[in-house]
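# Breakdown of the fold
In case you want the letters, here they are:
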Number of protein chains: 2
Amino acid sequence: MKRVSLEGAVCPIPLDRYTVVTMAHGGGGRLMNDLIGEMFLTAFDDPELRERHDAALIDLPGRRIAMTTDSFVVSPLFFPGGDIGCLGVYGTVNDLAMAGARPLWLSLGLILEEGLSMKILWEVVRSIRSAADESGVAVVTGDTKVVENGKGDGIYLNTTGIGVVDSGKRIGPASVREGDVLIVSGDIGRHGIAIMATREGLEFETKIVSDCASLVNPVRALLDDGLDIHCMRDMTRGGLGAAVHEIAGTSASTFVLDEKSIPVNEQVQGACEMLGLDAIHIANEGRFLIVLPAGQGDRAIEILRSHPGGEEACMVGHVLPRGCASVVMKTEIGMERIVDLPSGEQLPRIC
Amino acid sequence: MKRVSLEGAVCPIPLDRYTVVTMAHGGGGRLMNDLIGEMFLTAFDDPELRERHDAALIDLPGRRIAMTTDSFVVSPLFFPGGDIGCLGVYGTVNDLAMAGARPLWLSLGLILEEGLSMKILWEVVRSIRSAADESGVAVVTGDTKVVENGKGDGIYLNTTGIGVVDSGKRIGPASVREGDVLIVSGDIGRHGIAIMATREGLEFETKIVSDCASLVNPVRALLDDGLDIHCMRDMTRGGLGAAVHEIAGTSASTFVLDEKSIPVNEQVQGACEMLGLDAIHIANEGRFLIVLPAGQGDRAIEILRSHPGGEEACMVGHVLPRGCASVVMKTEIGMERIVDLPSGEQLPRIC
């Protein structure tokens, strides 16, 4: 369906009438009706949404679906390279893509803080719409709640996504095999450092821009090429380290990482050294890991590099049978060290 | 699948180790792993969830699905007759039931406030599990975020539900016809007044208990009986008034309500009079409206009354072609007045 473009569109709620979100915008009465009718239906313009029924009814093109959910509490709401709106779409469609599913539908649950600027809400809504269009998904159902000033932080949002799995093949940790190679889809750590720099007011020579992006198209290209992908995982909270740990843990194998091959942007590396952080534990929002047979690694890298943001895609490790540890790093000077999972994350509210 | 009962189960996170939720429980590291592994997987014990993949993969028994989402920010977290956990399940499965769908799967997105008592979290998680079991749904995917103390209110949660639509018949406002009757499934206004009483410390002779409940079974019974249901709507925020307004608005008809037939519990009526409120605008969480042909009204009421909580089910109005107003009330003294939609709700954060 062709939707009206929101490029440059002004906020459909008259800002002289409602400059900010009020408690009544979440109360189920006329103001809430106006917010939904004038802003959300304008932005997401979907026939299912327009029905304003309690649930969206969707006809599926297949019988196996993937379902995932993610809440977003990123602070600040806007950061170099993105905002909570596009992040909220990318986070969920990327999770569907990781399961080998074609993302089709999203739900949108908003928890707004009383006093939130109506203009900021509109900016975020536009960003959601634009990221949804880019990822080929429609927002088909939604919900809005308003909490008192001081009981939230501007906007929290939840998106839940449904995608259709075309192939019968199970992509996941259980399919990982000894001898498989591990590929990253681009340089790591930019999202976390971009958020940290904005929040803490750190200045770098060049602005570090978040990697946040939709992974739907590169994943589709890998699958369409017929590659025998065993597992994929996006590297969000906990970064590369946590993602590898999760796969290694579930598949009961050991992953050996080659430190010098892990792509890290020079500015990000500098920031990490300054702050005493390790880039492999920093969050990303548009990077993923691929595990597949060794002989198909080069082809996967070639495909990834042909997509925007994938220029630095490369092989960073391989899979062994379970040894003494689940993740081992071969350092630049040839030593081996065990990669542990940190107890928390260096930086909360990254997504 | 038979899951282990949580009846009387103690919190699986050792409370001497973690009395409260910390920021690190949302950070993607080891503490978050423990919270998910020890608490959530224990509570929801589902094979899909146990895979801990980015998305749950589900095989559908049909091709048409219903999808709905709801965020819950109710304050206080516990109230007479329920808590945010069971409310979070009922709210979403009820919306699916209203669309004529059989609810099957839920996602669970938690936004926890730093410092939340781990014991309270466990109570809520148990309540979610018990309400899910009662409604025949499984929690198949989830997400947890933690926000700083003072940026939330204990627990906010989002559930998104998927159900399967067995019949090809479209149940919704578009199917409403002139001459249809309007039935309520029980007495109205108890949830809103129960919350208000708890929050404001109001005392009544008898404690007013929320009506919050799963509507899955009564709806299933109505549909299985072969009744030609034209529309259903649960009366949540905005109460009976808003629900009738929404149906009337979308179906372009006029609904005439008969004031003296609307069932309101004596205590609730007393509280409304004391507080200057109208029960038809008070929120419910386990009551719904049914619109169906006049000749089938008695049978529908008979079925509703055979379910717990449905003892007061009765006919409260009928449908005319669109006149001068969308909702008209015939008052007890025989006058007619237009029922308007209030601008907000009398009480925020009811769900």
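Just so it is clear, the structure is predicted and the values come from calculations on it, not from any experiment.

## Details of the overall build of chain A
Check the secondary structure of chain A and you find nine helices and 14 strands. In summary, chain A has a C-alpha radius of gyration of 21 Å against a globular reference of 20 Å for 351 residues, a match within 12%. Scored against the burial criterion, the 351 residues of chain A give a buried share of 62%. Within chain A, contacts between residues at least 6 apart in sequence are counted, and of these 86% link residues at least 24 apart. Of the roughly 12600 Å² of accessible surface on chain A, a fraction of 50% belongs to carbon and sulfur atoms. Of the charged side chains in chain A, 31 are positive and 48 negative; the average position of the first set lies 4 Å away from that of the second.

## Overview of the pattern of salt bridges
One pass over the structure, following the stated rule, counts 46 salt bridges over all chains. Glutamate 148 of chain A is paired through a salt bridge with arginine 349 of chain B; the nearest N and O atoms lie 2.6 Å apart. With one member in each of two chains, glutamate 148 of chain A in the loop between strand 6 (138-147) and strand 7 (155-165) and arginine 349 of chain B in the segment after strand 14 (336-338) form a pair that bridges those chains. In this structure glutamate 148 of chain A comes out as partly exposed when scored by relative accessible area, which is 25%. Close ionic contact of glutamate 123 of chain B with arginine 126 of chain B constitutes a salt bridge, the shortest N to O distance being 3.6 Å. Of this pair, glutamate 123 of chain B and arginine 126 of chain B both sit in helix 4 (residues 118-135), three residues apart, roughly one helical turn. Residue classification places glutamate 123 of chain B among the partly exposed positions, given a relative accessible area of 34%.

## Observations regarding the relation of the copies chain B and chain A
Each copy superposes on the other: chain B lies on chain A with an RMSD of 0.0 Å after a rotation of 180° and an axial shift of 0.0 Å. Each copy turns onto its partner about a two-fold axis. In this assembly the copies share their binding face: 100% of the residues contributing to the interface of chain B also contribute to that of chain A.

## Examining the packing of aromatic side chains
Applying the stated criterion across every chain, the model contains zero aromatic pairs over all chains. Between lysine 145 of chain A and the ring centre of phenylalanine 72 of chain B, over which it is positioned, the NZ or CZ distance is 5.6 Å.

## Let's talk about the state of the cysteines
Here the structure, examined in full by the defined rule, presents zero disulfides over all chains. Summary of cysteine pairing: cysteine 314 of chain A is not part of a disulfide, and the nearest cysteine sulfur, belonging to cysteine 272 of chain A, is at 16 Å.

## With respect to the pairing of strand 13 (residues 327-330) of chain B
All names here are of chain B. Sheet analysis places strand 10 (residues 253-258) next to strand 13, joined by four bridges and oriented parallel. Looking at the pairing, aspartate 258 lines up with lysine 330 of strand 13. Hairpin geometry of strand 13 and strand 14 is characterised by an intervening segment of five residues between the two adjacent antiparallel strands and by a positive phi of about 90° at glycine 334.

## Here we look at the interface of chain B and chain A
In this complex, chain B contributes 82 residues to the contact, which on the side of chain A involves 82 residues. Summed over both sides, the interface between chain B and chain A buries roughly 6600 Å², with carbon and sulfur atoms accounting for 52% of that surface. Applying the counting rule to chain B against chain A returns 14 salt bridges. A salt bridge links glutamate 48 of chain B to arginine 170 of chain A; the shortest N-O distance between them is 3.5 Å. Taken together, chain B and chain A are joined by 27 residue pairs in polar contact (both at pLDDT 80 or more). Class assignment for the residues of the side of chain B that touches chain A results in 36 nonpolar, 24 polar and 22 charged. Where strand 2 (residues 64-72) of chain A lies against strand 1 (residues 56-59) of chain B, four bridges are found, and the strand directions are antiparallel. Its bridge partner lying in strand 1 of chain B, alanine 66 of chain A is registered against leucine 57 of chain B.

## Focus: the sheet that holds strand 7 of chain A
The strands making up a sheet associate through hydrogen bonds between their backbones, and the pairing can be parallel or antiparallel. Pairing within the open sheet is mixed, and its five strands lie in the order 6(A)-5(A)-7(A)-2(A)-1(B). Bordering the open sheet on either side are strand 6 of chain A together with strand 1 of chain B, each of which pairs with just one other strand. Each neighbouring strand pair of the sheet contributes to a mean axis angle of 20°, computed without reference to strand direction. Taken strand by strand, helix 1 (residues 30-44) of chain A contacts strand 5 (101-113) and strand 6 of chain A, and its axis lies near 145° from that of strand 6 of chain A.

## Quick look at the domain arrangement of chain A
For interface size, the figure often reported is the accessible area lost on association. All names here are of chain A. If you check the domain split of chain A, you get domain 1 (46-165) and domain 2 (173-338). In this structure, domain 1 and domain 2 have C-alpha centres spaced 25 Å apart. Facing 23 residues of domain 1, the contacting portion of domain 2 comprises 24 residues. Around 1700 Å² of area is buried between domain 1 and domain 2 when both sides are counted, 65% of it from carbon and sulfur atoms. Ranking the residues of domain 1 by area buried against domain 2 places Pro80, Asn94 and Met98 at the top, with a combined share of 35%. One can count zero salt bridges joining domain 1 with domain 2. At the junction of domain 1 with domain 2, the criterion picks out five residue pairs in polar contact (both at pLDDT 80 or more).

## Quick notes on the packing of helix 1 (residues 30-44) of chain B against helix 4 of chain B
All names here are of chain B. At a minimum axis distance of 9 Å, the contact between helix 1 and helix 4 shows a crossing angle of 30°. As far as their axial angle goes, helix 4 and helix 1 are roughly parallel. Regarding helix 1 and helix 4, the two cross each other, and that crossing is right-handed. Facing Leu35, Met39, Phe40, Thr42, Ala43 and Phe44 of helix 1, the residues of helix 4 in contact are Met118, Leu121, Trp122, Val125, Ile128 and Arg129. For the contact of helix 1 with helix 4, the residue count by class is ten nonpolar, one polar and one charged.

## As for helix 1 of chain A
Helical geometry: 3.6 residues make up each α-helical turn, so side chains three or four residues apart lie on a common side. Residue and element names in this part refer to chain A. Its 15 residues give helix 1 an end-to-end C-alpha distance of 20 Å, which sits within 8% of 21 Å, the value for a rise of 1.5 Å per residue. Among all positions of helix 1, only Leu31, Met32, Leu35, Met39, Phe40, Leu41, Ala43 and Phe44 are buried. At its buried positions, helix 1 is contacted by helix 2 (47-50), strand 5, helix 4 (118-135) and strand 6. In the stretch just after helix 1, aspartate 45 is the one whose phi turns positive, near 25°.

## Examining the pairing of strand 8 (residues 181-184) of chain A
Side-chain positions along a regular strand alternate between the two faces of the sheet. Residue and element names in this part refer to chain A. Side chains Val181 and Ile183 project from strand 8 onto one buried face, and the interleaved Leu182 and Val184 project onto a second face that is buried too. Of the pairings in the sheet, the one linking strand 8 to strand 12 (residues 314-321) comprises four bridges and is antiparallel in character. When the bridges of strand 12 are listed, valine 184 appears paired with cysteine 314.

## Some details on the environment of leucine 182 of chain B
With respect to the helices, strands and loops of the structure, leucine 182 of chain B is situated in strand 8 (residues 181-184). Linking leucine 182 of chain B and threonine 159 of chain B, residues 23 residues apart in sequence, is a C-alpha distance of 29 Å.

## As for the sheet that holds strand 5 (residues 101-113) of chain B
Overall, mixed pairing links the five strands, which are arranged 1(A)-2(B)-7(B)-5(B)-6(B) in an open sheet. Single-partner strands in this sheet number two, and they are strand 1 (56-59) of chain A together with strand 6 (138-147) of chain B. Going across the sheet, the axis of each strand differs from the next one's by a mean of 20°, ignoring polarity. In the packing of helix 1 of chain B onto the sheet, contacts are made with strand 5 and strand 6 of chain B, and the angle to strand 6 of chain B comes to roughly 145°. Against the sheet, helix 4 of chain B touches strand 5, strand 6 and strand 7 (155-165) of chain B, its axis set at about 15° to strand 7 of chain B.

Cut-offs used in this document
- Residues numbered from 1 in each chain as written.
- Chains lettered and ligands numbered in written order.
- Predicted model: local features only at pLDDT ≥ 70, side-chain atom pairs only at ≥ 80, totals over all residues.
- Heavy atoms only, no water.
- Helix = DSSP H or I, 4+ residues; strand = E, 2+ residues; numbered from the N terminus.
- Rg over C-alpha atoms; globule rule 2.2 N^0.38 Å.
- Buried < 20%, exposed > 50% of the residue type's maximum accessible area, 1.4 Å probe, protein only.
- Contact = heavy atoms within 4.5 Å.
- Areas by Shrake-Rupley, 256 points an atom, 1.4 Å probe, with all protein chains shown as cover.
- Lys, Arg positive; Asp, Glu negative; His and termini not counted.
- Charge placed at Lys NZ, Arg CZ, Asp CG, Glu CD.
- Salt bridge = Lys/Arg side-chain N within 4 Å of Asp/Glu carboxyl O.
- Least-squares fit on C-alpha atoms with pLDDT ≥ 70 in both.
- Phe/Tyr/Trp six-rings, centres within 6.5 Å; stacked < 30°, edge-to-face > 60°.
- Lys NZ or Arg CZ within 6 Å of the ring centre and 35° of its normal.
- Disulfide = S-S within 2.5 Å.
- Pairing = 2+ DSSP bridges.
- Buried area = accessible area lost by both parts, 1.4 Å probe.
- Polar contact = N/O pair within 3.5 Å; in protein donor to acceptor, adjacent residues only side chain to side chain.
- Nonpolar A, V, L, I, M, F, W, Y, C, P; charged D, E, K, R; others polar.
- Axes fitted to C-alpha atoms, helices over the stretch in contact; angles between N-to-C directions.
- Domains from an automatic or database assignment.
- Parallel < 35°, antiparallel > 145°, perpendicular 65-115°, else oblique.
- Left-handed = near helix turned anticlockwise from the far one by under 90°.
- Expected span 1.5 Å × (residues − 1).

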